[in-house]
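The lines below spell out each chain.
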Amino acid sequence: MPNDAMLKRTGGLAREDVATAAPAVRIDDVAVRFRTKKKDVTALRDVSLDIGAGEFVAIVGPSGCGKSTLLKLVAGLLSPSSGEVLLGGERVRGPRPDTGYVFQRAALLDWRSARRNILLQAEMRKLPAERARARADELIRTAGLDGFEDAYPHELSGGMQQRVALCRALLHEPPVLLMDEPFGALDALTREQLNVELNRIWRETGTTVLLVTHSIAEAVYLADRVVVMSPRPGTVTEVIEVGLRPERGYAETLASAEFRGATGRIRELLGAVSAHD
């Protein structure tokens with residue numbers, strides 16, 4: 001029988017039921033083409049991927065392969081040239097209220113405190129104020145920001161600023177969280193600490209997460225599956241099943257056979273890509 005944490009993480013579904021439920025995100029035979037002054041450029045080609053409710057999927061691949069473009073398609077910030085993207089069974093036709101987005105830079109407003117930066121989401125979406133404040137306080141505790149609610153961005157470390165950005169993205173309780181290299185600008189130690197925090201927050205909220213990263217170790221530590229993409233035009237080379245339990249200690253996970261096997265396979269695929277390229 002599934003435990004309470006697993007049921008919460010998968011939206012109340014046991015893992016065997018998640019496989020048969022409608023995917024939280026469906027990317028169906030998507031292509032993206034841009035026209036420049038000199039030529040037409042195909043950024044993505046024939047990309048198909050299903051992501052289950054409560055699943056954590058990471059995307060890795062060479063620079064310029066279309067990882068961030070794929071994320072923008074799911075967010076409704078771009079439209080595919082062909083194919084379609086569906087969230088909860090509905091076709092994405094523009095920005096939607098059921099996604100949260102975390103960028104590489106925290107992009108906090110300097111004149112607002114941590115709490116008021118988080119509540120900016122509520123103001124933009126016109127959420128009920130009392131409920132939004134209660135949710136913000138809950139997220140502040142979850143993200144380990146207690147005592148820094150009234151601090152301004154210049155008083156926070158880079159890692160704490162990213163925690164504020166993560167809380168802001170989760171304030172409206174989106175079923176899907178999109179993350180584009182959220183820890184790429186941080187030092188290695190802070191990045192490891194935030195990987196552990198993100199794993200815990202993911203388990204506690206049950207949110208479906210799609211993460212773009214250049215770090216193979218980060219992808220494998222955090223994800224249920226890792227999507228390896230080819231050079232442009234980007235397409236799915238292989239999807240790696242990580243095989244780790246949702247609750248993951250950092251040091252023991254990195255020393256596990258599952259972690260070594262998944263990272264080794266991804267490096268092999270990306271090495272083959274580089275050699276071919």
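Residues numbered from 1 in each chain as written. Predicted model: local features only at pLDDT ≥ 70, side-chain atom pairs only at ≥ 80, totals over all residues. Heavy atoms only, no water.

Remarks on unusual backbone geometry
In the segment running from arginine 232 into proline 233, the intervening peptide bond is cis, with an omega of 0 degrees. As for its placement among the helices and strands, proline 233 is situated in the loop between strand S9 (225–229) and strand S10 (236–241). Its identity as a non-glycine residue notwithstanding, glutamate 181 has a phi of 50 degrees, on the positive side. One can find glutamate 181 in the loop between strand S7 (176–180) and helix H7 (188–205). Overall, the relative accessible area of 10% leaves glutamate 181 in the buried class. (Helix = DSSP H or I, 4+ residues; strand = E, 2+ residues; numbered from the N terminus. Buried < 20%, exposed > 50% of the residue type's maximum accessible area, 1.4 Å probe, protein only.)

Things to note about the pattern of salt bridges
Under the criterion given, the structure shown has 18 salt bridges. In this structure, aspartate 40 engages arginine 35 in a salt bridge whose closest nitrogen and oxygen atoms are separated by 3.1 Å. Here aspartate 40 matches arginine 35 in class, with each residue exposed. Sharing partners across several salt bridges, the network here consists of Glu90, Arg96 and Asp98. (Salt bridge = Lys/Arg side-chain N within 4 Å of Asp/Glu carboxyl O.)

Considering the confidence of the model for the protein
With 90% of its residues at a pLDDT of 70 or more, the protein has an overall mean of 87. Long-range and interchain partners of residues 1–19, a stretch whose pLDDT sits below 50, account for 27 contacts in this model, where long-range means more than four residues apart. (pLDDT = per-residue confidence, 0-100. Contact = heavy atoms within 4.5 Å.)

Here's the deal with the nonpolar core
Among the nonpolar cores identified, the biggest contains 52 residues, and Phe56, Leu166, Leu177, Met179, Val220, Val226 and Ile266 are the most heavily contacted of them. At 7 residues, helix H6 (residues 158–170) tops the list of elements feeding residues into this core. For isoleucine 266, the contacting residues outside a window of four places in its chain are Val60, Ile216, Val220, Val226, Val228 and Ile240. Listed in part, the 28 residues of the second largest apolar core include Ala24, Val25, Val74 and Val212. (Core = buried A, V, L, I, M, F, W, Y, C linked by side-chain atoms within 4.5 Å.)

Overview of helix H5 (residues 129–142)
Taking 1.5 Å per residue as the helical rise, H5 with its 14 residues ought to reach 20 Å, and the 20 Å between its terminal C-alpha atoms agrees with that figure. Restricting attention to buried positions, one finds in H5 the residues Ala132, Arg135, Ala136, Leu139, Ile140 and Thr142. One side of H5 holds all its buried residues, which, seen down the axis, span an arc of 155 degrees. Within H5, the exposed residues directed more than 90 degrees away from the buried face are Glu130 and Arg141. (Expected span 1.5 Å × (residues − 1). Arc of directions from axis to C-beta.)

Looking at the sheet that holds S9
Spatially, the 6 strands line up as an open sheet ordered S6-S7-S8-S3-S9-S10, and their pairing is mixed. Unpaired on one side and paired on the other, strand S6 (99–102) and S10 mark the two borders of the sheet. Between one strand and the next, the sheet's axes are offset by a mean angle of 15 degrees, whatever the strand orientation. Strand direction decides the pairing type here: S6 and S7, joined by 4 bridges, are parallel. Bridge assignment links glycine 100 to a residue of S7, and that residue is leucine 177. Its contacts with the sheet put helix H3 (residues 67–75) on strand S3 (56–60), S6, S7, strand S8 (208–212) and S9, and the angle it makes with S7 is roughly 155 degrees. (Pairing = 2+ DSSP bridges. Axes fitted to C-alpha atoms, helices over the stretch in contact; angles between N-to-C directions.)

Some thoughts on the pairing of S8
Buried residues dominate S8, accounting for 5 of its 5 residues. Burial along S8 is two-sided: Thr208, Leu210 and Val212 and Val209 and Leu211, pointing in opposite directions, are all buried. As judged from the 4 bridges shared by S3 and S8, these two strands associate in the parallel manner. Its bridge partner lying in S8, alanine 58 is registered against leucine 211. The parallel pair S7 and S8, bridged by H7, forms a crossover whose chirality is right-handed. (Right-handed = clockwise from strand over helix to strand, strands pointing away.)

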